[in-house]
Amino acid sequence: MVEEIKGGPSVLYIDRHLIHEVTSPQAFAGIDKRGISVFRPQNTVATPDHNVPTLNQHLPIKDELSRFQVNKLTENCEKHGITLYGLNHPYQGIVHVIGPELGITQPGMTMVCGDSHTSTHGAFGSVAFGIGTSEVEMVLATQCILQPKPKKMRITVDGELSPGVTAKDVILYIISKISASGGTGYFIEYAGPAIRSLSMEGRMTVCNMSIESGARGGLIAPDETTFSYIRGREFAPKGADFDRAVSYWKTLVSDDDAVFDRELQFDAADIEPMITYGTNPGMGASIGARIPEIYEVEASARKSFEKSMAYMGFEPGTEISGRKVDYVFVGSCTNGRIEDLRNVAQFVKGRKKADHVTAWIVPGSKQVEKQAHEEGLTEILQEAGFRLRQPGCSACLAMNDDKIPEGKLAVSTSNRNFEGRQGPGARTMLASPLTAAASAVSGEVSDPRQFLGSD
Amino acid sequence: MAIEKFVSFLSTAVPLPIENVDTDQIIPARFLKATTRDGFGENLFRDWRYGKEGEPKREFVLNNSDYQGSILVAGKNFGSGSSREHAAWAIHDYGFKAVVSSFFADIFKNNALNNGLLPVQVTDEFLADLLEAITADPSVQLKIDLVGQEITLLSTGAKESFEINPYKKECLLNGYDDIDYMMSIRDKIAQFEASRA
């Protein structure tokens, strides 16, 4: 922290700034208009992800506006001396996938990006949050941001997760309990044995969706899992520097007597595979459950609930599973990492995708794509009737051509089920990669556990 | 660079009694391909406002000429979801100067304040009263007084005070741009960097 403005926010120094093509052009325009330079270009890393096609990336981007925006990013980075991993670069990918996999993300850092899912990086015990474009401009101009101190919440998940229950189910469960606005104003620390047992990929999935509860950031104290993930990565400290870094990182834990503004405790045994049935991420339930009846919904929320049901074309009180699925999307900064592709490949191995389902599997980065090829996942997926596309945000927000058609029902591993999020009129149910794979195979919304042990 | 000073004002209001209005509704992602800040108002609430062929949906409040004004009054948890500042730009570009709700998402609130769009947070009860009053009579006026931090429903005189960060209030009232301030402390920032090295 550089200073505290009297009666106002703190001036927070930013260690790492990530940028992409959609929320940065107006910030660079602001810098140019002021006639100033980027203050610390070496602390910013750029990649195009939101707007890129996921097929034929070697060709010029067809959509004129998208091409212009992606080119603008290249132009701005060249002009200001910012490292860019452009399309076809071996490090290109979704900004929140490449930061960790390149070792750019490290414990104790402050990190921001003009994207709300910047909370992902909190999985490493970094203070990471999404910002708007005016703030991107501020970071480019001064490497600092004005930030009031957030409230603190700790969510502890005790016990052990059951087979078939993954990190995605944990976070969908938490959001279903605290609602899509329950985290607003807070930074959340996730703790407890069930969280500790997660891989780094799983922890990133949990922290990623903090914003879906309204919390700007979510974090997990770093431990051996964290350190061994970082070791050897491109931009991680090496040799004696790494050891020194680890001894500092080990100090990044909440004090035993730390006081939180809100504490919540959940039991892993209560968590089943989860799926959403409505139009905000808080509208989720166990996959074997029914959609609530209108009288079970809080009175003030009934109008929104009814609007949501009308959009989804669902009847209150009906079974969630068993609905015919048209599309399955595996990817995004929530679930586009190598572990997610492994889970899907392992599940579909020796099985076939249902004929009527269109499945899009989009790796989170060029490195994930490469690893999937090297591990033979691509072939397993192909044999089961799936095709791996090229990296990008894709159908998560449907800025490119990957749009779910109007009225179609998609089971998606992404993070938002808002109206039209995956394309105008598209209907989205959020779930884990396992549930998405099970639904792709059976052709209907399915509990992955019904397949477990049947191999 | 100075921004427009925010002054207290009177206006009729547009009711949007929907909760959890997310930024994908305010401005869908497919309209985020622009590289300037202008023109987003055209596509504000695009998919609620227009049909597939671009025909206005009559039932949506922005297509109802009875409701006009520079204040948007919306349900709880307004602006949730993505960090896209385009949402604040779209609302401001359309002509709104303030959004009233009983709860705002964090990033949206910041983005609004950085663009001279005032988020006015009121209680659930007051919001319900406002929505009822303006829905029933579109000519009803609201007064938003930033200096006194007060919002008044003129037809009944009912008023409520609202919170705003004192620093942000100062910026809005004087048209200060906080990047100007931050630029003025670049030396101090460099000292901070040196102290950590």
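Cut-offs and rules
- Residues numbered from 1 in each chain as written.
- Chains lettered and ligands numbered in written order.
- Predicted model: local features only at pLDDT ≥ 70, side-chain atom pairs only at ≥ 80, totals over all residues.
- Heavy atoms only, no water.
- Contact = heavy atoms within 4.5 Å.
- Buried area = accessible area lost by both parts, 1.4 Å probe.
- Salt bridge = Lys/Arg side-chain N within 4 Å of Asp/Glu carboxyl O.
- Polar contact = N/O pair within 3.5 Å; in protein donor to acceptor, adjacent residues only side chain to side chain.
- Helix = DSSP H or I, 4+ residues; strand = E, 2+ residues; numbered from the N terminus.
- Patch = residues over 30% accessible without salt bridge, like charges linked within 9 Å, V, L, I, M, F, W, Y side chains within 5 Å.
- Areas by Shrake-Rupley, 256 points an atom, 1.4 Å probe, with all protein chains shown as cover.
- Lys, Arg positive; Asp, Glu negative; His and termini not counted.
- Charge placed at Lys NZ, Arg CZ, Asp CG, Glu CD.
- Buried < 20%, exposed > 50% of the residue type's maximum accessible area, 1.4 Å probe, protein only.
- Pairing = 2+ DSSP bridges.
- Axes fitted to C-alpha atoms, helices over the stretch in contact; angles between N-to-C directions.
- Phe/Tyr/Trp six-rings, centres within 6.5 Å; stacked < 30°, edge-to-face > 60°.
- Lys NZ or Arg CZ within 6 Å of the ring centre and 35° of its normal.
- Arc of directions from axis to C-beta.
- Left-handed = near helix turned anticlockwise from the far one by under 90°.
- Nonpolar A, V, L, I, M, F, W, Y, C, P; charged D, E, K, R; others polar.
- Core = buried A, V, L, I, M, F, W, Y, C linked by side-chain atoms within 4.5 Å.
- Right-handed = clockwise from strand over helix to strand, strands pointing away.
- Disulfide = S-S within 2.5 Å.

Chemist: Help me understand the interface of chain B and chain A, please; the structure alone is not making it clear to me.
Modeler: As a measure of interface size, the accessible area lost when the parts come together is often cited. Counting residues at the interface gives 57 residues for chain B and 67 residues for chain A. Interface area, chain B with chain A, both sides summed: about 5000 Å², of which 57% is carbon and sulfur. Inspection of the chain B/chain A interface yields nine salt bridges. Between Lys188 of chain B and Glu3 of chain A there is a salt bridge; the shortest N-O distance is 2.5 Å. The interface formed by chain B and chain A holds 29 residue pairs in polar contact (both at pLDDT 80 or more) in total. Sort the elements by how many residues they give to the side of chain B that touches chain A and helix 8 (residues 186–196) of chain B lands first, with seven residues.

Chemist: What exactly am I supposed to notice about a negative patch on the surface here?
Modeler: Residue and element names in this part refer to chain B. Together, Asp124, Glu125, Asp129 and Glu132 make up a region of like negative charge exposed at the surface. Positionally, Asp129 belongs in helix 5 (residues 124–136). Here Asp129 falls in the partly exposed class, since its relative accessible area comes to 45%.

Chemist: What is the right way to read the sheet that holds strand 3 (residues 16–19) of chain A from this model?
Modeler: Residue and element names in this part refer to chain A. In space, the five strands of this open sheet follow the order 5-4-3-6-7, with parallel pairing throughout. Single-partner strands in this sheet number two, and they are strand 5 (83–84) and strand 7 (127–130). Of the pairings in the sheet, the one linking strand 3 to strand 4 (residues 44–46) comprises three bridges and is parallel in character. Opposite His17, over in strand 4, you have Thr44 as the bridge partner. Strands strand 3, strand 4 and strand 6 (110–113) of the sheet are contacted by helix 4 (residues 133–142), whose axis makes an angle of about 130° with strand 3.

Chemist: Honestly, the packing of aromatic side chains in this entry has me stumped. Any pointers?
Modeler: The geometry of an aromatic ring pair is captured by the separation of the ring centres together with the interplanar angle, meaning the angle of the planes. Inspection of the entire model under this criterion finds 18 aromatic pairs over all chains. Ring geometry for Phe242 of chain A and Trp249 of chain A: centres 5.9 Å apart, planes at 85°, overall edge-to-face. Centre to centre, the rings of Phe6 of chain B and Phe9 of chain B are 6.0 Å apart; their planes meet at 70°, and the pair counts as edge-to-face. Accessibility assignment for this pair places Phe6 of chain B and Phe9 of chain B in one class, buried. Each residue in the set Phe227, Phe242 and Trp249 of chain A is aromatic and connected to the rest through ring pairs, giving one cluster. Stacked on the ring of Phe39 of chain A, the Lys or Arg Arg40 of chain A has its end atom at 3.9 Å from the ring centre.

Chemist: What is the right way to read helix 10 (residues 302–312) of chain A from this model?
Modeler: For an α-helix the count is 3.6 residues per turn, leaving residues at separations of three or four pointing the same way. Residue and element names in this part refer to chain A. Every buried residue belonging to helix 10 is among Ser304, Phe305, Ser308, Met309 and Met312, and all of these are buried. End-on view of helix 10: buried residues confined to an arc of 135°, all on one side of the axis. Exposed residues on helix 10 whose side chains face more than 90 degrees from its buried face are Lys303 and Ala310. A positive backbone phi angle near 75° is found at Gly313, which sits one or two residues after helix 10.

Chemist: I tried to follow the packing of helix 12 (residues 338–348) of chain A against helix 13 (residues 366–374) of chain A on my own but got confused; where do I start?
Modeler: Residues and elements named next belong to chain A. It is the contact of helix 12 with helix 13, at a shortest axis distance of 9 Å, that shows an interaxial angle of 35°. Regarding helix 12 and helix 13, the two cross each other, and that crossing is right-handed. Here helix 12 contributes Ile338, Leu341 and Arg342 to the contact with helix 13, which in turn contributes Val368, Gln371 and Ala372. In terms of residue class, the contact of helix 12 with helix 13 is built from four nonpolar, one polar and one charged.

Chemist: Which parts of the structure should I look at to understand the nonpolar core?
Modeler: Across soluble globular proteins, nonpolar side chains show a tendency to be buried alongside one another. Phe45 and Phe78 of chain B are the most contacted members of the largest nonpolar core, which totals 82 residues. Other than its neighbours up to four places away in sequence, Phe78 of chain B contacts Val21, Ile26, Phe45, Leu72, Ile91, Val99, Ser101, Phe103, Phe104, Ala105 and Phe108 of chain B. Ranked by size, the runner-up nonpolar core spans 42 residues in total, among them Ile155, Ile188, Tyr190 and Cys207 of chain A.

Chemist: I keep staring at the pattern of salt bridges and nothing clicks. Help me out?
Modeler: Taken as a whole and judged by the stated rule, the model has 33 salt bridges over all chains. Here Glu212 of chain A and Arg416 of chain A are joined by a salt bridge, their closest N and O atoms 3.0 Å apart. Highlighted residues: Glu212 of chain A in the loop between helix 7 (200–208) and strand 11 (217–219) and Arg416 of chain A in the loop between strand 17 (409–412) and strand 18 (427–430), separated in sequence by 204 residues. With respect to class, Glu212 of chain A is no different from Arg416 of chain A; both count as buried. Across the pair Arg37 of chain B and Glu85 of chain B runs a salt bridge whose closest N-O atoms are separated by 3.7 Å. Of this pair, Arg37 of chain B sits in the loop between helix 1 (23–26) and helix 2 (46–49) while Glu85 of chain B sits in the loop between strand 2 (71–74) and helix 3 (86–94), placing them 48 residues apart in sequence.

Chemist: Any chance you could explain helix 9 (residues 239–249) of chain A here in plain terms?
Modeler: Residue and element names in this part refer to chain A. Of the positions making up helix 9, those classed as buried are Phe242, Ala245, Val246 and Trp249. Along helix 9, the residues classed as buried sweep out an arc of 100° about the axis, all on the same side. Away from the buried face of helix 9 by more than 90 degrees, exposed residues Asp243 and Arg244 are located. Taken together, the buried residues of helix 9 touch helix 8 (224–230).

Chemist: Please clarify how the pairing of strand 7 (residues 158–161) of chain B should be interpreted in this entry.
Modeler: All names here are of chain B. In this structure, strand 6 (residues 150–153) lies alongside strand 7, joined through four bridges in antiparallel fashion. Counterpart to Ile151 in the pairing with strand 7 is Glu160. Taking the residues between adjacent antiparallel strands as the criterion, strand 6 and strand 7 are bridged by four residues, where Gly157 takes a positive phi near 80°.

Chemist: Quick question: what am I supposed to make of the sheet that holds strand 17 of chain A here?
Modeler: The strands making up a sheet associate through backbone hydrogen bonding, with each pair oriented either parallel or antiparallel. Residues and elements named next belong to chain A. Strands sit in the order 16-15-17-18 across an open sheet of four strands; the sheet is parallel. Each edge of the open sheet carries a strand with a single partner, namely strand 16 (358–361) and strand 18. Across the sheet, the mean angle separating the axes of adjacent strands is 20° when strand polarity is ignored. Sheet contacts for helix 15 (residues 433–442): strand 15 (327–330) and strand 17; angle to strand 15, the most-contacted strand, approximately 150°.

Chemist: What am I meant to see in the pairing of strand 3 (residues 98–101) of chain B here?
Modeler: Residues and elements named next belong to chain B. Both faces of strand 3 are covered, namely the face carrying Ala98 and Val100 and the face carrying Val99 and Ser101. Here three bridges tie strand 2 to strand 3, and the two strands are oriented parallel to one another. Following the sheet pairing, Val73 is matched in strand 3 by Val100. The β-α-β motif built from strand 2, the intervening helix 3 and the parallel element strand 3 has right-handed crossover chirality. Pairing geometry for strand 3 and strand 4 (residues 118–121), over four bridges, is parallel.

Chemist: I would appreciate a short explanation of the environment of Leu388 of chain A in the present structure.
Modeler: Residue and element names in this part refer to chain A. Of note, Leu388 is situated in the loop between helix 14 (377–383) and strand 17. The exposure class assigned to Leu388 is buried, which follows from its relative accessible area of 14%. Between the C-alpha atom of Leu388 and that of Val362, which follows or precedes it by 26 residues, the distance is 6.0 Å.

Chemist: When you look at the state of the cysteines in this model, what are you seeing that I'm missing?
Modeler: By definition, a disulfide links two cysteine residues through a covalent bond between their sulfur atoms. Using the criterion set out here, one finds zero disulfides over all chains in the structure. Here Cys333 of chain A stays free of any disulfide, with the sulfur of Cys396 of chain A as its closest cysteine sulfur at 6.0 Å. Take Cys171 of chain B: it sits in no disulfide, and the sulfur closest to it among the cysteines is that of Cys144 of chain A, at 16 Å.

That is the geometry; function is a separate question.
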